[in-house]
Amino acid sequence: EEFIYNPKLLPYFGIENYGLSKETVQYELKNLKVVELSGKETAAGPVKLNGTSLFKGISSTEWPLNKLLNKLGEKNIKIYNLDTPGQHVDNGANIFKLVPNPPLNPAELPKNFILADIPLDTLPPYVHKQILASVKNGGRLLVLRGYFSLNKGNYAGSMLEKILPVSVDDKWNEPQILDGAEVISRNGKNVMAVSKYGKGKVFVTLEMPHLQKVGDCLLEYDYNKES
């Protein structure tokens, strides 16, 4: 079966194994031929941005998410939930699973990605690439801090780390605001940091969601302003 993919949005294609088999799994690709198309078909057109993808983690219910979605103004909303099926028996580590998985090769990328207390390693690698492509072309990434995000959410070393306005390399310290970031404060307390990437922006909340001032800050911010 023939298919066309856009290497600018997703520069690879692959096979995923969900680990449901206890035996050795062998994959075979037969009669595979990769052909570079010519003429207009090879020209990468503009990235189309539409809608919002909301990823809801452990503390997501503590955020004013419905009001935030209304504030952002996109009507097409996709919601993905962080499931916690239990713990590893051997080491007691948390098990997280994203339900459902976002589409691998969508016709349009979300204009807004909201990660509400989401461990970054629960997102498939292709979603990381989609986030980068969206923000670079004018989209928004909103990282809402929680119990399993930022420093404690395996953001360090990820492809998204380079576009964050805060440092995330130390799991035991607070995220530190990087030079050049826009800082939003309430009552003398820094509650949100903003950075630019390409044509878009990245927003990171610095307070935990149960503090009302950070939720208010999210709803008061003008997401359409240029600077």
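Up top is the structure.
The rules behind the values
Residues numbered from 1 in each chain as written. Predicted model: local features only at pLDDT ≥ 70, side-chain atom pairs only at ≥ 80, totals over all residues. Heavy atoms only, no water. Core = buried A, V, L, I, M, F, W, Y, C linked by side-chain atoms within 4.5 Å. Buried < 20%, exposed > 50% of the residue type's maximum accessible area, 1.4 Å probe, protein only. Helix = DSSP H or I, 4+ residues; strand = E, 2+ residues; numbered from the N terminus. Contact = heavy atoms within 4.5 Å. Pairing = 2+ DSSP bridges. Phe/Tyr/Trp six-rings, centres within 6.5 Å; stacked < 30°, edge-to-face > 60°.

A. Highlighting the nonpolar core. Counting residues in each nonpolar core, the largest one holds 27 residues, and the members touching the most others are Phe55, Leu115, Leu123 and Leu141. Within the residue set of this core, elements represented by two or more residues are strand 2 (77-87), strand 4 (112-116), helix 2 (125-136), strand 5 (140-144) and strand 8 (200-205). Broken down by element, the residue count for this core peaks at five residues, all from helix 2. Filtering out sequence-adjacent residues up to four positions away, Phe55 remains in contact with Tyr80, Leu98, Pro102, Phe113, Ile114, Leu115, Ala116, Ile118, Leu123 and Val127.

B. Local environment of the pairing of strand 6 (residues 182-186). As paired strands, strand 6 and strand 7 (residues 189-197) are joined by five bridges and run antiparallel to one another. Bridging across to strand 7, Glu182 finds its partner in Val194. Taking the residues between adjacent antiparallel strands as the criterion, strand 6 and strand 7 are bridged by two residues, where Asn187 takes a positive phi near 55°.

C. Fine view of the packing of aromatic side chains. Tallied over the entire structure, the rule returns six aromatic pairs. Each ring, one from Phe55 and one from Phe113, has its centre 6.4 Å from the other, and the planes form 10°; the classification is stacked. One end of the pair, Phe55, is in strand 1 (residues 52-56); the other, Phe113, is in strand 4, and 58 residues separate them in sequence. Both residues of the pair, Phe55 and Phe113, belong to the buried class. Centre to centre, the rings of Phe203 and Tyr223 are 5.0 Å apart; their planes meet at 65°, and the pair counts as edge-to-face. Note that Phe203 is positioned in strand 8 and Tyr223 in the segment after helix 3 (212-220), a separation of 20 residues in sequence. Taken individually, Phe203 and Tyr223 each receive the classification buried, so the pair is uniform in this respect.

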